[in-house]
Amino acid sequence: MDNCIFCKIVNKEIPADFVLESEELVAFDDIHPKTPIHILVVTKAHVASIKELENPELAGEMVMAAKGIAHEKNLDGYKLLFNVGREGGQEIDHLHLHLMGGK
Ligand SMILES: [Zn+2]
């Protein structure tokens, strides 16, 4: 997708420090963190949002990736959040899962 900031990050046209990279996903810090640890798990494929997602395995992989990162960060409790569409607070139309936690 042209002009999609997350596609550019996935394609390494915009630098970001990946805390995780797999065949399907990357994860990196949110540039506007709302909690001490605020990481975005992003699909490599451009899918606009959960509304457009057709592959349930991808959603499962995102959740399991976030769980693994939370474990690495020693987070005992945390929030996993999908914002869906503008009315749902989604700001970038490329599927991502927020992992939020820390004190
Ligand atoms: Zn994209």
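The model shown is predicted, which means the values in this text are computed figures rather than measured ones.

Examining the UniProt feature "active site" (unreviewed entry) in the protein chain
Here is step 1 of the chain: Here the UniProt-annotated "active site" (unreviewed entry) positions come out as His96.
Here is step 2 of the chain: With residues up to four places along the chain from it excluded, the contact list for His96 reads Phe6, Leu40, Val41 and Val42.

Digging into the nonpolar core
Here is step 1 of the chain: Counting 19 residues, the largest nonpolar core has Leu25, Ala27, Val41, Val42, Ala66 and Leu99 as its most contacted members.
Here is step 2 of the chain: Every element with two or more residues in this core is listed here: helix 1 (5-10), strand 2 (25-29), strand 3 (37-43), helix 2 (56-72) and strand 5 (96-101).
Here is step 3 of the chain: Not counting residues within four places of it along the chain, the set of residues in contact with Leu25 comprises Leu20, Val41, Val42, Thr43, Lys44, Glu61, Met62 and Ala65.

So, the sheet that holds strand 3
Here is step 1 of the chain: Taking strand neighbours across the sheet as the criterion, the 5 strands line up as 1-2-3-5-4 in an open arrangement whose pairing is antiparallel. Of all the strands in the sheet, the pair left with one neighbour each is strand 1 (20-21) and strand 4 (78-81).
Here is step 2 of the chain: Where strand 1 lies against strand 2, 2 bridges are found, and the strand directions are antiparallel. In the sheet register, Leu20 faces strand 2, and the bridge partner there is Ala27.
Here is step 3 of the chain: Set on the sheet, helix 2 makes contact with strand 1, strand 2, strand 3, strand 4 and strand 5; between it and strand 5 the angle comes to about 25°.

What counts, and at which threshold
- Residues numbered from 1 in each chain as written.
- Predicted model: local features only at pLDDT ≥ 70, side-chain atom pairs only at ≥ 80, totals over all residues.
- UniProt positions renumbered as here; feature names shortened; annotations may be inferred.
- Contact = placed C-beta atoms within 7 Å.
- Core = buried A, V, L, I, M, F, W, Y, C linked by C-beta atoms within 7 Å.
- Buried ≥ 20, exposed ≤ 12 C-beta atoms within 10 Å, placed from the backbone.
- Helix = DSSP H or I, 4+ residues; strand = E, 2+ residues; numbered from the N terminus.
- Pairing = 2+ DSSP bridges.
- Axes fitted to C-alpha atoms, helices over the stretch in contact; angles between N-to-C directions.

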